[in-house]
Amino acid sequence: MFEVLPGAGLRLPRGAGVLRFGMSARAARWAVAALADVRETWVCQTGWAFTASYEGLELFLYGDVVDRYGRADHDRHGLASVTLRRCVAPPTEPSAVPVVFQGVDVFGYPEAEVLDVLTAVPHPSVTLPRAASPTGYLPEVRLEAV
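### Thoughts on helix α1 (residues 25–33)
For α1, the full list of buried residues reads A28, A31 and V32. One side of α1 carries all its buried residues, which in axial view fall inside an arc of 95°. Exposed side of α1, more than 90 degrees from the buried face: R26 and W30 are the residues found there.

The following block contains the structure:
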């Protein structure tokens, strides 16, 4: 089970640890590598980025955000963003692995049910993009350092 920790990061399944905002690329890579193969990727205006796939979910992380002049943004040093995406697009059934936010498995129930419960507890660091269809499941959850 993944657990969304608003403002703090993401708890990984199987005791792999917690991805905390501000942690180094090395520490984040080490934690994720306990679950899956880590693959480097590139994101404009970041110092580092990587992905990993775990049981039908893609984990995407980046950090060390830089400004348009290539200088480090010291307000967002280290791990700055984590996204969990469903590998199946559009998702039409629950995820094999729960992703829990505020006690709700956001990939375990149709979008309407999830958003009906979670709109009462919004958090500025968590984004739940809409599903492709009204009866579909959420395709991803994004966490940002605040």
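We are not done yet, so read on.
### Quick notes on the environment of G7
Considering the arrangement of structural elements, one finds G7 in the loop between β1 (2–5) and β2 (9–11). A sequence separation of 137 residues divides G7 from E144, and the C-alpha atoms of the two residues are 7.5 Å apart. Beyond its immediate sequence surroundings of up to four residues, G7 is in contact with F21, H123, S125 and V146.

### Considering the nonpolar core
Core analysis: the largest hydrophobic core is formed by 37 residues, its most contacted members being F2, L12, L19 and L61. Secondary-structure elements contributing two or more residues to this core are β1, α1, β5 (46–54), β6 (57–65), β7 (79–86), β8 (99–101), α2 (111–118) and β11 (140–144). In terms of residues, this core owes the most to one element, β5, which gives 4 residues. The residues contacting L61, other than those within four sequence positions of it, are L19, A28, V32, W48, A49, F50, L79, S81 and V82. The next biggest cluster of nonpolar side chains, apart from the first, holds 5 residues, and it includes V43, F60, Y62 and A80.

### Some thoughts on the pattern of salt bridges
Tallied over the entire structure, the rule returns 5 salt bridges. For R85, the salt bridge goes to E58, with nearest N and O atoms at 3.3 Å. Pair noted here: R85 is in strand β7 and E58 is in strand β6, with a separation of 27 residues, a long-range link. A relative accessible area of 29% means that R85 is categorised as partly exposed. In this structure, R142 engages E140 in a salt bridge whose closest nitrogen and oxygen atoms are separated by 2.6 Å.

What counts as what
- Residues numbered from 1 in each chain as written.
- Predicted model: local features only at pLDDT ≥ 70, side-chain atom pairs only at ≥ 80, totals over all residues.
- Heavy atoms only, no water.
- Buried < 20%, exposed > 50% of the residue type's maximum accessible area, 1.4 Å probe, protein only.
- Helix = DSSP H or I, 4+ residues; strand = E, 2+ residues; numbered from the N terminus.
- Arc of directions from axis to C-beta.
- Contact = heavy atoms within 4.5 Å.
- Core = buried A, V, L, I, M, F, W, Y, C linked by side-chain atoms within 4.5 Å.
- Salt bridge = Lys/Arg side-chain N within 4 Å of Asp/Glu carboxyl O.

In short, geometric facts, not functional conclusions.
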